[in-house]
Protein chains: 2
Amino acid sequence: MDDVTDPQEKIKLINKNLFEVLNPEIVEDVVVKQNRPLVIYWGTATTGRPHCGYFVPVLKLGDFLRAGCRVKILLADIHGFLDNLKAPIELVKFRAEYYKFVITALLQAVNVPIDRLEFVLGSAYQLTPAYTMDLFRLSSVVTEHDAKKAGAEVVKQVDNAPLSGLIYPLMQALDEQHLGVDAQFGGVDQRKIFALAKEVLPRVGFGERAHLMNPMVPGLHGGKMSASDPDSKIDLLDPPDAVRRKIRKALAVPMQVEGNGLLSFVEYVLLPAGVLRYGEQRFVVNRRDGEPLAYTEIEQMREDYAADVVRASRRFPPVCSQPAQKPHVRGLRPSSQH
Amino acid sequence: MDDVTDPQEKIKLINKNLFEVLNPEIVEDVVVKQNRPLVIYWGTATTGRPHCGYFVPVLKLGDFLRAGCRVKILLADIHGFLDNLKAPIELVKFRAEYYKFVITALLQAVNVPIDRLEFVLGSAYQLTPAYTMDLFRLSSVVTEHDAKKAGAEVVKQVDNAPLSGLIYPLMQALDEQHLGVDAQFGGVDQRKIFALAKEVLPRVGFGERAHLMNPMVPGLHGGKMSASDPDSKIDLLDPPDAVRRKIRKALAVPMQVEGNGLLSFVEYVLLPAGVLRYGEQRFVVNRRDGEPLAYTEIEQMREDYAADVVRASRRFPPVCSQPAQKPHVRGLRPSSQH
């Protein structure tokens, strides 16, 4: 696919499918007035194993890259190390390498140009004197109360919560400055941290950034994808029969559209991925007893699903139907293999 | 004065007048069994101006030095900088120099050997990658709750308290490791921070230290010495008439011993300083109408004070009496001038 060159088209592509944008004027200013690449960072802690849910932010990163943005992916290895002190830092380094490999593979699988993509290890700058001093400075202008509020949706709220949970939101704000970006991208669950960053960076003399937020995508069971429930997500290393089993067990109650894990996966991953494969949003359902159904908009598919038209497909089985023969997610392969 | 050489005498001198000691077996082990100098650190934030109250810890540091200890004085310049972000870091550096000068002068004024004394700037190591990583590690094993409890007596407890107030206690613990000391010394108001240090360092693989605590000494007004009330303390830069005025206004209610700011100053500063000047604890009160009164124990002086014997002295005026002609604190001069 060709990159988008018209500034207004770029803006449209950057904002596509986003749930919310804070300080959109920053994006406008950089892309339209300054006419230079918008620099965006997306951070991921190198803790669990990346799963198919990663296609959701990765596809959005694809939009940013196609809109001419420079994308920095922060591999938060220190965070990954601190999340489980039992893992030695050497292991965490390999883990970060694995994340880099997998995310690159996901982007290539959806035909995204990666020449404006950069990976940055948290440990490469988060332990420097300049960063540490800025973190101390931030900690002296941000209240405990505000730091706690900021982390409320992403940091476990328990009575014996470690202090690090109050420090992380400040680091996430400071990363914007030290990575030299115009915008930070993340799920809407990051909203309170983003609002804190916007508010506190100016207090220590740094600029506000734009914040681009994806909607939250439910897991295969309808709720949040959970690291502790392997059936709620498809691991990228799952063998075919495990994928089949998980799709079969996914929450896809006949005729029920809300909280439908499979429909969400189609909406946020397979349809957008269609743009990169077919040149337009497209998701095809092969049926046992009828012509294939081709969808270009999720609304259309939702209607059909509610009217029970979509069932009896090989790729989109009702709950507990027979096995999916060839789960569509396996069709997302690097373009060179097509 | 000669240094103390007998190990048991050293222990006695180290513990003299202390309010409390945590892990005294560490002190015993180093001094008696290992027979090497105990390494002690005392930290002071370079914020306000050191005043005469500094004689209290400084005299105790004198005991440590005379007992053969190595003493590291941490000039917490980063803390001083963060305490008031309006002061540029360059100014804070001069402030730290002034602290170093003043504390050295105080030690010399009381005849203490300073060849085993070392000053360390916080900024010299608290911004290094190793320290920062250890701070992150500590923050992930110490709860918000415990960090808050630790700082309860020294960090302002307000609703909008900055997050730094929870980080400082962790840094104070970590300083023990990074300064390579056997013990930390401070006022008993530091007790909860010391208890935290003792508890949490082993959780990240570091050893417990001993904690040596001075009693709290009231200000001239009887309460805590307060930076915001200049009359509660004698500034080292106060000219003689200001010293006279403050002594005159000091809380020294006739016959009342408890909460008596002047009696406390005699107990914790002038009597111990006598050891260094006269070879024994000694404080002399010149009276207008009678022979001078020489005290070697505070109990004896307290009794006389309660019986109204001490009044009518030039050096120890009752409240609102006529001016003290020559405040005794001015007698604490570097030994070279005697």
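Analysis parameters
In this convention, every chain numbers its residues from 1, walking through the sequence in written order. As they are written, the chains are lettered A onward and the ligands numbered 1 onward, keeping that order. For a predicted model such as this one, the threshold for reporting local features is a pLDDT of at least 70, and the threshold for listing and counting side-chain atom pairs is 80 or more; totals across whole chains, interfaces and linings nevertheless cover every residue. Note that water and hydrogens are dropped before the side-chain values are worked out from all heavy atoms of the structure. Classification of ring pairs rests on two measures: the distance between centres of Phe, Tyr or Trp rings, Trp counted by its six-membered ring, which must be within 6.5 Å, and the angle between planes, read as stacked under 30 degrees, edge-to-face over 60 and tilted in between. pLDDT is defined as a per-residue confidence score from the predictor, taking values between 0 and 100. Residues count as neighbours in contact if any of their non-hydrogen atoms are within 4.5 Å of one another. Least squares is the method used to superpose the copies, on C-alpha atoms of residues holding a pLDDT of at least 70 in both. The buried label goes to any residue with under 20% of its type's maximum accessible area, the exposed label to any with over 50%, and the partly exposed label to all in between, with areas taken from a 1.4 Å probe on protein chains only. The way it works is that DSSP assigns letters per residue, a run of H or I at least four long becomes a helix, a run of E at least two long becomes a strand, and they are numbered from the N terminus. The arc in question is the one traced by the directions running from the helix axis out to the C-beta atoms. Strands qualify as paired when DSSP identifies two bridges or more between them. All axes here are fitted lines through C-alpha atoms, helices being fitted over the stretch that makes contact, and every angle between N-to-C directions spans 0 to 180 degrees. When two parts are put together, the accessible area they lose, computed with a 1.4 Å probe and summed over both, is reported as buried area. Criterion for a salt bridge: a side-chain nitrogen of Lys or Arg within 4 Å of a carboxyl oxygen of Asp or Glu. For this classification, the nonpolar set comprises Ala, Val, Leu, Ile, Met, Phe, Trp, Tyr, Cys and Pro, the charged set comprises Asp, Glu, Lys and Arg, and every other residue, Gly included, is treated as polar. Segmentation into domains, and thus their bounds, comes from an automatic or database assignment. N or O atoms closer than or at 3.5 Å make up a polar contact, with two conditions inside protein: a donor-capable atom paired with an acceptor-capable one, and, for residues adjacent in sequence, both atoms drawn from side chains. Crossing handedness is defined as follows: a turn of the near helix away from the far one that is anticlockwise and smaller than a right angle gives a left-handed crossing, while the clockwise case is right-handed. Residues enter a nonpolar core if they are buried and are Ala, Val, Leu, Ile, Met, Phe, Trp, Tyr or Cys, with the set joined through side-chain atoms within 4.5 Å. A crossover counts as right-handed when, viewed with the strands pointing away from the observer, the path leading from the first strand over the helix to the second turns clockwise.

## Observations regarding the packing of aromatic side chains
Given two aromatic rings, their pairing is described by the distance between the two centres and the angle made by the two planes.
Right, so step 1: Going through the model one piece at a time under the given rule, you end up with 8 aromatic pairs over all chains.
Right, so step 2: Among the aromatic residues, ring-to-ring pairing joins A:W42, A:Y54 and A:Y99 into one connected group.

## Describing the confidence of the model for chain A
Residues and elements named next belong to chain A.
Right, so step 1: Here chain A shows a mean pLDDT of 84. Residues at 70 or above account for 87%.
Right, so step 2: Across residues 317–338 the pLDDT falls below 50, and counting only partners more than four positions away or on other chains, this stretch makes 53 contacts in the model.
Right, so step 3: Confidence estimates for the predicted assembly give a pTM of 0.85 and an ipTM of 0.84.

## Comments concerning the relation of the copies chain B and chain A
Right, so step 1: Here chain B sits on chain A after a turn of 180° about the axis and a move of 0.0 Å along it, with an RMSD of 0.0 Å. The superposition operator between the copies reduces to a two-fold rotation axis.
Right, so step 2: Of all interface residues in chain B, 100% are interface residues in chain A too; the two copies therefore contact each other through one and the same surface.

## So, helix α12 (residues 298–306) of chain A
Right, so step 1: Of all the residues in α12(A), the buried ones are A:I298, A:M301 and A:Y305. The arc that holds every buried residue of α12(A), seen down its axis, measures 60°, which confines them to one face.

## Examining helix α10 (residues 240–249) of chain A
Right, so step 1: Where α10(A) is concerned, the buried positions are A:A242, A:V243, A:K246 and A:I247. Along α10(A), the residues classed as buried sweep out an arc of 135° about the axis, all on the same side.

## Overview of the sheet that holds strand β3 (residues 70–76) of chain A
Neighbouring strands of a sheet are bound in pairs by backbone hydrogen bonds; such pairs are parallel or else antiparallel.
Residue and element names in this part refer to chain A.
Right, so step 1: Read across the open sheet, the 6 strands follow the order β1-β6-β5-β2-β3-β4; overall the sheet is mixed. Because the sheet does not close on itself, it has two edges, and the strands there are β1 (20–22) and β4 (117–121). Within this sheet the neighbouring strands show an average axis-to-axis angle of 25°, counted without direction.
Right, so step 2: The pairing of strand β5 (residues 183–187) with strand β6 (residues 210–214) spans 5 bridges and is parallel. What sits directly across from G187, in β6, is N214.

## Some points on the interface of chain B and chain A
Right, so step 1: Each partner contributes to the interface: chain B provides 33 residues, whereas chain A provides 33 residues.
Right, so step 2: Counting each side, the surface lost to burial between chain B and chain A is near 2900 Å², with a carbon and sulfur contribution of 75%.
Right, so step 3: Ranking the residues of chain B by area buried against chain A places B:F136, B:E144 and B:L163 at the top, with a combined share of 25%.
Right, so step 4: Counting the contacts that link chain B with chain A gives 2 salt bridges.
Right, so step 5: Mapped onto the side of chain B that touches chain A, the elements with two or more residues apiece are α4 (77–82), α6 (129–139), α7 (144–150) and α8 (164–178) of chain B.
Right, so step 6: In terms of residue count, the dominant contributor to the side of chain B that touches chain A is α6(B) (7 residues).
Right, so step 7: Among the residues forming the side of chain B that touches chain A, the class breakdown is 20 nonpolar, 9 polar and 4 charged.

## Side note on the domain arrangement of chain A
Residues and elements named next belong to chain A.
Right, so step 1: Its domain assignment divides chain A into domain 1 (7–214) and domain 2 (230–337).
Right, so step 2: Counting from both sides, the interface comprises 18 residues of domain 1 and, opposite them, 17 residues of domain 2.
Right, so step 3: For the pair domain 1 and domain 2, the summed buried surface comes to about 1600 Å²; carbon and sulfur atoms form 68% of the total.
Right, so step 4: When residues of domain 1 are sorted by the area they lose upon contact with domain 2, H51, C52 and L59 head the list and together hold 30% of the total.
Right, so step 5: Where domain 1 packs against domain 2, one counts 1 salt bridge.
Right, so step 6: One salt bridge in this structure joins D235 and R49, with 3.0 Å as the shortest N-O distance.
Right, so step 7: Scanning the region where domain 1 abuts domain 2 turns up 2 residue pairs in polar contact (both at pLDDT 80 or more).
Right, so step 8: Those elements that place two or more of their residues in the side of domain 1 that touches domain 2 are α3 (55–66) and α5 (89–109).

## Notes on the environment of B:V181
All names here are of chain B.
Right, so step 1: Secondary-structure assignment places V181 in the loop between α8 and β5 (183–187).
Right, so step 2: A relative accessible area of 3% places V181 in the buried class.
Right, so step 3: Those residues in contact with V181 that sit more than four places away from it in its chain are V39, I40, Y41, K72, E176 and R209.

## Focus: the environment of A:I73
Right, so step 1: Among the structural elements, A:I73 can be located in strand β3.
Right, so step 2: For the pair A:I73 and A:T128, spaced 55 residues apart in sequence, the C-alpha separation works out to 19 Å.

## Concerning the packing of α3(A) against α5(A)
Residues and elements named next belong to chain A.
Right, so step 1: Relative orientation of the contacting elements α3 and α5 amounts to 65°, with a least axis distance of 10 Å. Between α3 and α5 lies a crossing of right-handed hand. Contacts between α3 and α5 involve F55, V58, L61, G62 and L65 from the former and I103, L106 and L107 from the latter.
Right, so step 2: Across the contact of α3 with α5, the residue classes break down as 7 nonpolar, 1 polar and no charged.

## So, the nonpolar core
Right, so step 1: By size, the foremost hydrophobic cluster in this structure holds 70 residues, and its most contacted members are A:F136, A:L163, A:L170, B:F136, B:L163 and B:L170.
Right, so step 2: Leaving out residues up to four positions away in the same chain, A:L163 has contacts with B:S139, B:V142, B:T143, B:E144, B:A147, B:L163, B:L166 and B:L170.
Right, so step 3: Listed in part, the 62 residues of the second largest apolar core include A:L13, A:V27, A:V30 and A:L262.

## Quick look at the environment of B:A96
Residues and elements named next belong to chain B.
Right, so step 1: Here A96 shows up in helix α5 (residues 89–109).
Right, so step 2: The exposure class assigned to A96 is buried, which follows from its relative accessible area of 3%.
Right, so step 3: When sequence neighbours within four positions are dropped, the list of residues in contact with A96 reads T46, L75, D77 and L121.

## Some words on the pairing of β6(A)
Where a strand is regular, its side chains alternate between the two sheet faces.
Residue and element names in this part refer to chain A.
Right, so step 1: Most of β6 sits inside the fold, with 5 of its 5 residues counted as buried.
Right, so step 2: The side-chain alternation of β6 yields two buried faces, one formed by A210, L212 and N214 and the other by H211 and M213.
Right, so step 3: This β-α-β element, β5 to helix α9 (residues 191–200) to β6, shows right-handed connectivity.

## Considerations on unusual backbone geometry
Residues and elements named next belong to chain B.
Right, so step 1: The residue N23 is not glycine, and still its phi comes out positive at about 55°.
Right, so step 2: Among the secondary structure elements, N23 is positioned in the loop between β1 (20–22) and α2 (24–33).
Right, so step 3: Positioned with a positive phi, D308 is a non-glycine residue whose angle comes to about 65°.
Right, so step 4: Looking at where D308 falls in the secondary structure, it is placed in the segment after α12 (298–306).
Right, so step 5: Taking the relative accessible area as the measure of exposure, D308 reaches 29% and is therefore partly exposed.

## Quick notes on the pairing of β5(B)
Residues and elements named next belong to chain B.
Right, so step 1: Within β5, 5 of the 5 residues are buried, which leaves the element mostly enclosed by the surrounding structure.
Right, so step 2: Here strand β2 (residues 39–45) pairs with β5 via 3 bridges, running parallel. Bridging from a neighbouring strand, I40 pairs with A183 of β5.

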